[in-house]
Amino acid sequence: MSKSRQSLQPFVMVLFGANGDLAKRKLFPALFSLHKNRLLHENFAVVGLGRSPKDDARFREAVRESVEKYARTSVDETDWEGFLPHFSYRSVDINNPEDFRPLKEHVESLEKKHSISGNRLFYLAIAPDLFGNVSTHLKASGLTDTAGWKRLVIEKPFGHDHESAQRLNNQIRQTFQEEEIYRIDHYLGKEMVQNIEVIRFANSLFEPLWNNRYIDNVQITASETVGVEERAGYYDHAGALQDMVQNHMLQMVMMVAMEPPSRLKPEAIHDEKVKVLRSLRRIKEEEVDQYVVRGQYHAGTVDGKPVVSYRQEEGVSSDSQTETFVAAKMYIDNFRWSGVPFFVRTGKRMAQKATEIVIQFKEMPKNLYFNREGDLGPNLLVISVNPTEGLSLRINAKKPGSDNDVVPIALDFCNNCGVDSPEAYERLLQDAIEGDLTFFTRWDEVSLAWKYVDPIRNAWDQTERSIPLYKAGSWGPKEADRLLAQENKSWWPVSGLRPEGFSNRLR
Ligand SMILES: NC(=O)C1=CN([C@@H]2O[C@H](COP(=O)(O)OP(=O)(O)OC[C@H]3O[C@@H](n4cnc5c(N)ncnc54)[C@H](OP(=O)(O)O)[C@@H]3O)[C@@H](O)[C@H]2O)C=CC1
Ligand SMILES: O=C1O[C@H](COP(=O)(O)O)[C@@H](O)[C@H](O)[C@H]1O
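Residues numbered from 1 in each chain as written. Chains lettered and ligands numbered in written order. Predicted model: local features only at pLDDT ≥ 70, side-chain atom pairs only at ≥ 80, totals over all residues. Heavy atoms only, no water.

**Quick look at the overall build of the protein chain**
And step 1. When helices and strands are tallied, the protein chain shows 13 helices and 17 strands.
And step 2. In terms of overall size, the protein chain behaves like a compact globule, its C-alpha atoms giving a radius of gyration of 24 Å where 507 residues would be expected to give roughly 23 Å.
And step 3. C-alpha atoms of the protein chain, sized along the principal axes, occupy 75 × 55 × 45 Å.
And step 4. In the protein chain, which comprises 507 residues, the share counted as buried stands at 57%.
And step 5. Put simply, of all contacts in the protein chain between residues at least 6 apart along the chain, 79% involve residues at least 24 apart. (Helix = DSSP H or I, 4+ residues; strand = E, 2+ residues; numbered from the N terminus. Rg over C-alpha atoms; globule rule 2.2 N^0.38 Å. Buried < 20%, exposed > 50% of the residue type's maximum accessible area, 1.4 Å probe, protein only. Contact = heavy atoms within 4.5 Å.)

In structure tokens:
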């Protein structure tokens, strides 16, 4: 976030879904942080839209409450004066094209009032079945005919399979060009996910080793302790494959595996990411069991508290076969990665909340040294994404005072110890306002990601076998361990690098 305020642009944000959970928990606090850190132009306006009738004063009150509850930055009484007057509210039914005409008049009046020269950011924080209609009505009403720029920020899920995603894309492309579409994957707004490229391409130490000659396997975990929460209506149809693998997990795979881009420009970066997906081995329906494992949590204990099974959660069907856990073995069949398995796993109600990437390097060609257990442990590079952000390089060294007793030591770096990193939504909102597409997903990425997951979904939909269960509070079903055991490997325990664990002490 090194932009100077002079380079910032005035804009109107037209926020569909302004009474919703996402707006409340993420978007208003993100706007507040950007404003407080002087990262928004003084001339900006946000028009919140929802079905519920509300006046501007009530809406500003709701914005204020959400900022007070969820903002990461401190809030002073004096902050409101310069912030809340930028917000207004209109009641709009997205399914009623007539409602878009008064909206257009309102946006034009805001532009006049705040001296904004037509830059319009349309943000869809609404249910996915409304995405297409909004885009169509925006065009028909003339809201997208503007003297400045127009951009569409669209939340996930982008379709529920390749066909529906293609349909949605065709529909929004009637109104917006590809370079005007900002498809959100909030993992790309995370500090350490963005850092992967820097770690790889700014260190001569790593890049020569970043290939199948030196890397044995890659493991990516995104584990959560929460269950389905209040989202059963969506989740019981989506499952972890659609909710996490099609987007966040594959995005992390792409960041680890991509070739260096020719320039640090969105097109060049997206081109390299897409090449990874093109080389990603597609799994045929009949091969799914070889490569992918699913699971569903049953009752157990998480963080010391008893929790119910997935099927007992409110809104979940009592015989649901929806997966709340997925583990997959992926191969990227190109020169760099041929033969290196990428193991990914994600699940709800697991033992610990952690997103972590482990790069396991190959063993030495010949071991001169041994540790107490026998062979030396491999070198590991652990990129901790969430909740602690950091890096840990595990190497072997002589135990102080011993002859040749070798112990693993960790060279640790903590990115967010004592400092707060910006929230993913802050970064992404700022990028969308500034027109930087780098950390949004391009259509060909989304399309190829669906082509990877669709056969898996089809195989699971057709199987008569019941879904394997795992105990809430565990690391998932046993089958996930077998996926690695077939390759003579095992999951590294999630280190969940904690602030107090950061030191280059002997482990
Ligand atoms: N919540 C989260 O943490 C995350 C959400 N997302 C995605 O963000 C999007 C929004 O999610 P979320 O905020 O949880 O959803 P909510 O259900 O909480 O909010 C949806 C909003 O849409 C409005 N709305 C519904 N129907 C209409 C309509 N016909 N016309 C106008 N407005 C309408 C509602 O307005 P009103 O209340 O006035 O009827 C409500 O404010 C979804 O695509 C979701 O998948 C993605 C990642 C995380
Ligand atoms: O997109 C989603 O991500 C969250 C997990 O995000 P994180 O930033 O907390 O790791 C997940 O809970 C949710 O089901 C999914 O839709």
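**Describing helix α9 (residues 266-279)**
Residue pairs spaced three or four apart in an α-helix point in one direction, given the helix's 3.6 residues per turn.
And step 1. Over its 14 residues, α9 runs 20 Å from end to end, which matches the ideal 20 Å to within 8%, given 1.5 Å per residue.
And step 2. Where α9 is concerned, the buried positions are Ala268, Ile269, His270, Glu272, Lys273, Val274, Val276, Leu277 and Ser279.
And step 3. In this structure, the buried residues of α9 make contact with α7 (191-201), α8 (232-257), β11 (325-331) and α12 (443-462). (Expected span 1.5 Å × (residues − 1).)

**A short note on the confidence of the model for the protein chain**
And step 1. Taken residue by residue, the protein chain gives an average pLDDT of 93. The fraction at 70 or more is 96%.
And step 2. For residues 498-507, every residue scores under 50 in pLDDT, and the model assigns this stretch 27 contacts once sequence neighbours within four places are set aside.
And step 3. Both scores are given for the predicted complex: the pTM is 0.95, the ipTM 0.97. (pLDDT = per-residue confidence, 0-100.)

**Thoughts on the pattern of salt bridges**
And step 1. Per the counting criterion, the structure on display carries 33 salt bridges.
And step 2. Between Glu259 and Arg336 there is a salt bridge whose closest N-O contact spans 2.8 Å. Placement of the pair is Glu259 in the loop between α8 and α9 and Arg336 in the loop between β11 and β12 (341-347), with a sequence separation of 77 residues.
And step 3. By relative accessible area, Glu259 is classed as partly exposed at 29%. (Salt bridge = Lys/Arg side-chain N within 4 Å of Asp/Glu carboxyl O.)

**Considerations on the site of ligand 2**
And step 1. Taken together, the residues surrounding ligand 2 are Lys156, His186, Tyr187, Lys190, Glu224, Arg231, Asp243, Met244, His248, Lys348, Lys353 and Asn386.
And step 2. In the environment of ligand 2, an oxygen atom lies 2.5 Å from a nitrogen or oxygen atom belonging to the side chain of Tyr187.
And step 3. A distance of 2.7 Å is found between an oxygen atom of ligand 2 and a side-chain nitrogen or oxygen belonging to Lys353.
And step 4. Taken together, the residues of the shell around ligand 2 sort by class into two nonpolar, three polar and seven charged. (Near = heavy atom within 4 Å. Polar contact = N/O pair within 3.5 Å; in protein donor to acceptor, adjacent residues only side chain to side chain. Nonpolar A, V, L, I, M, F, W, Y, C, P; charged D, E, K, R; others polar.)

**Focus on the packing of helix α6 (residues 162-173) against α12**
And step 1. Across the interface, α6 lies against α12 with an axial gap of 9 Å and an inter-helix angle of 160°. Overall, the two elements α6 and α12 adopt an arrangement that is roughly antiparallel. Between α6, through His162, Ala165, Gln166 and Asn169, and α12, the contact on the second element is made entirely by Trp443, Ser447, Trp450, Lys451 and Asp454.
And step 2. Per-class residue counts for the contact of α6 with α12 are three nonpolar, four polar and two charged. (Axes fitted to C-alpha atoms, helices over the stretch in contact; angles between N-to-C directions. Parallel < 35°, antiparallel > 145°, perpendicular 65-115°, else oblique.)

**Brief notes about the environment of Glu323**
And step 1. With respect to the helices and strands, the residue Glu323 is situated in the loop between β10 (305-307) and β11.
And step 2. In this structure Glu323 comes out as buried when scored by relative accessible area, which is 1%.
And step 3. Sequence separation between Glu323 and Trp460 is 137 residues, and the spatial gap between their C-alpha atoms is 9.5 Å.
And step 4. Those residues in contact with Glu323 that sit more than four places away from it in its chain are Tyr235, Ala238, Gly239, Ala240, Leu241, Arg294, Gly295, Arg457, Trp460 and Ile467.
And step 5. Side chain to side chain, Glu323 and Arg457 meet in a polar contact 2.6 Å long.

**Details of the sheet that holds strand β17 (residues 469-471)**
Picture the strands of a sheet paired through backbone hydrogen bonds; they go either parallel or antiparallel.
And step 1. Sheet architecture is open: nine strands sit in the order β16-β15-β14-β13-β7-β12-β11-β8-β17, paired in mixed fashion. Two strands close off the open sheet at either side, each with one partner strand: β16 (406-414) and β17. Averaged over all pairs of adjacent strands, the angle between strand axes in this sheet comes to 20°, irrespective of strand direction.
And step 2. Helix-sheet contacts for α7 involve β13 (354-361), β14 (380-386) and β15 (390-398), and the interaxial angle to β14 is about 150°.
And step 3. Relative to the sheet, α8 contacts β7 (215-223), β11, β12 and β13, its axis offset from that of β12 by approximately 145°. (Pairing = 2+ DSSP bridges.)

**Section: the packing of aromatic side chains**
Each aromatic ring pair is summarised here by two numbers: the centre-to-centre distance and the angle between the ring planes.
And step 1. Tallied over the entire structure, the rule returns 19 aromatic pairs.
And step 2. Ring geometry for Trp337 versus Phe342: centroids 5.1 Å apart, planes at 85°, classification edge-to-face.
And step 3. On the basis of relative accessible area, Trp337 is assigned to the buried category, the value being 0%.
And step 4. By relative accessible area, which is 0% here, Phe342 ends up buried.
And step 5. Taken together, the ring pairs connect Phe28, Phe32, Phe59, Trp80, Phe83, Phe87 and Tyr89 into an aromatic cluster. (Phe/Tyr/Trp six-rings, centres within 6.5 Å; stacked < 30°, edge-to-face > 60°.)

**Details of the side chain of Thr441**
And step 1. One can find Thr441 in the loop between α11 (424-434) and α12.
And step 2. The contacts of Thr441, once residues within four sequence positions are left out, are Arg183, Asp185, Leu188, Gln251, His270 and Val446.

**Remarks on the nonpolar core**
And step 1. Counting residues in each nonpolar core, the largest one holds 148 residues, and the members touching the most others are Phe16, Phe83, Tyr123, Met330, Phe342 and Ile357.
And step 2. With 14 residues, α8 is the single largest residue contributor to this core. (Core = buried A, V, L, I, M, F, W, Y, C linked by side-chain atoms within 4.5 Å.)

**Looking at the state of the cysteines**
The bond known as a disulfide is covalent and runs between the sulfur atoms of two cysteines.
And step 1. Summed over the entire model, instances satisfying the criterion amount to one disulfide.
And step 2. The side chain of Cys414 participates in a disulfide bridge whose partner is Cys417; the two sulfur atoms lie 1.9 Å from each other. On the sign convention where negative means left-handed, the S-S torsion of about 90° between Cys414 and Cys417 marks this disulfide as right-handed.
And step 3. Note on Cys414: relative accessible area 17%, which makes it buried. (Disulfide = S-S within 2.5 Å.)

**Things to note about the sheet that holds strand β4 (residues 120-124)**
And step 1. Spatial ordering of the open sheet is given by β3-β2-β1-β4-β5-β6, a layout of six strands whose pairing is parallel. Since the sheet does not close on itself, it has two edges, and those belong to β3 (87-91) and β6 (181-183), each with one partner. Shown here is a sheet whose adjacent strand axes are inclined to one another by a mean of 20°, direction ignored.
And step 2. Running over the sheet, helix α2 (residues 56-70) touches β2 (44-50) and β3 and is turned about 120° from β3.

**Some thoughts on unusual backbone geometry**
And step 1. A cis geometry characterises the amide bond from Lys156 onward to Pro157, with omega recorded as 0°.
And step 2. Relative to the assigned elements, Pro157 resides in the loop between β5 (150-154) and α6.
And step 3. At the junction of Asn386 and Pro387, the peptide bond is cis and its omega measures out at -5° in the coordinates.
And step 4. Note on placement: Pro387 falls in the loop between β14 and β15.
And step 5. The residue Ser115 is not glycine, and still its phi comes out positive at about 50°.
And step 6. With respect to the helices and strands, Ser115 occurs in the loop between α4 (100-113) and β4.
And step 7. Located in the positive-phi region is Glu229, a residue other than glycine, with phi close to 55°.

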